[in-house]
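# Architecture at a glance
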Amino acid sequence: MSEKYLSKNFTLAQLTFSETAKRLGINNDPTDRELNNLKTLANFLLEPLYKITPFRISSGFRCLNLNRAIKSSDTSHHVLGFAADLVPTKISPEEFAKKIRASKIKITQCIIEFGWVHVSLKLDDVRMQFLVAEKTKSGIKFKPFNS
Ligand SMILES: [Zn+2]
């Protein structure tokens, strides 16, 4: 199977691979609409971010079945193909988020999660929102990333 590139550096396989999907036999192929969103994400967000520092993608598109299998919210941007979780390979997630904020690259949300940075881009909803996720007794809470 030849590799399908969505942008200069990122392939469809990188943005759809999931260990959980593989294990549970879930078909995680995007629809045309979701594929278009992934192309936007790859070209307008992931490529500029890749110039800041290298990273690997731990999760990109997640069809609803897969997203439910990992107990994520149905409204997650991952379900529509607007989001990816990035693990920077040379700097910490916090440092990466600071650099993303300083770059002024158009972004909907950037959330420092648990060893990775969640980024999303909806072109009609460029919020430039930076958050930190925290595990609390009552679930995951988000607070502004100010540091
Ligand atoms: Zn995420």
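Overview of the structure. Just so you know, the residues in each chain are numbered from 1, in the order the chain's sequence is written. The predicted origin of the model limits local features to residues at a pLDDT of at least 70 and limits the giving and counting of side-chain atom pairs to 80 or more, whereas totals for whole chains, interfaces and linings rest on all residues. Where side-chain values are given, they derive from all heavy atoms of the structure, hydrogens and water being excluded.

Within the chain, Lys71 stands out as a residue other than glycine whose phi angle is a positive 65°. The phi dihedral of Met128 is positive, around 55°, even though this residue is not glycine. Inspection of the secondary structure puts Met128 in the loop between strand S4 (117-120) and strand S5 (129-136). Buried means the residue's accessible area, taken with a 1.4 Å probe over protein chains only, is under 20% of the maximum for its type, while exposed means over 50%, and partly exposed covers the values in between. According to the relative accessible area criterion, Met128 is partly exposed, its value standing at 34%. Numbering goes from the N terminus for both helices and strands, where a helix is a DSSP run of H or I of at least four residues and a strand is a run of E of at least two.

Moving on: the side chain of Ser76. Summarising the element assignment, Ser76 is placed in the loop between helix H4 (64-69) and strand S2 (83-88). Any two residues whose heavy atoms approach within 4.5 Å at even a single point are treated as in contact. In this structure, Ser76 is in contact with Arg62 and Asn67, ignoring residues within four places of it in sequence.

For any pair of aromatic rings, the description consists of the separation of the ring centres together with the inter-plane angle of the planes. Ring pairs are drawn from Phe, Tyr and Trp, using the six-membered ring of Trp, whenever the two centres fall within 6.5 Å, and their geometry is named by plane angle: stacked under 30 degrees, edge-to-face over 60, tilted for the rest. Taken as a whole and judged by the stated rule, the model has five aromatic pairs. A centroid spacing of 5.2 Å and a plane angle of 75° characterise the contact between Phe10 and Tyr50, whose relative ring orientation is edge-to-face. Of the two residues, Phe10 sits in the segment before helix H1 (12-16) while Tyr50 sits in helix H3 (residues 32-52), which places them 40 residues apart along the sequence. As a reminder, the over-ring test applies to NZ of lysine and CZ of arginine, requiring each to be within 6 Å of the ring centre and within 35 degrees of the ring normal. Above the ring of Phe130, the side-chain terminus of Arg101 is found at 6.0 Å from the ring centroid. Positioned over the ring face of Phe114 is Lys135, at 4.4 Å from the centre of the ring.

Protein coordination at the zinc ion: the donors are His78 (NE2), Asp85 (OD) and His118 (ND1), at 2.0 Å from the metal. The rule for donors is simple: an N, O or S atom within 2.8 Å of the metal counts, and for Na, K and Ca the reach is 3.2 Å. Water is not among the atoms, so a site may look short of donors. Along the chain, the residues donating to the zinc ion are arranged with the sequence spacing H-x6-D-x32-H. In this pair, His78 sits in the loop between H4 and S2 while His118 sits in strand S4, placing the two residues 40 residues apart along the sequence. Residue His78 is classed as buried on the basis of its relative accessible area of 2%.

Turning our eyes to something else, we now look at the pattern of salt bridges. We define a salt bridge as a side-chain nitrogen of Lys or Arg found within 4 Å of a carboxyl oxygen belonging to Asp or Glu. Scanning the entire structure with this criterion turns up four salt bridges. Among the ionic pairs, Arg62 bridges to Asp85, the shortest N-O distance being 3.8 Å. Residue Arg62 is found in the loop between strand S1 (55-59) and H4, and its partner Asp85 is found in strand S2; the two are separated by 23 residues along the sequence. Overall, the relative accessible area of 5% leaves Asp85 in the buried class.

All we've got here are geometric facts, nothing functional implied.
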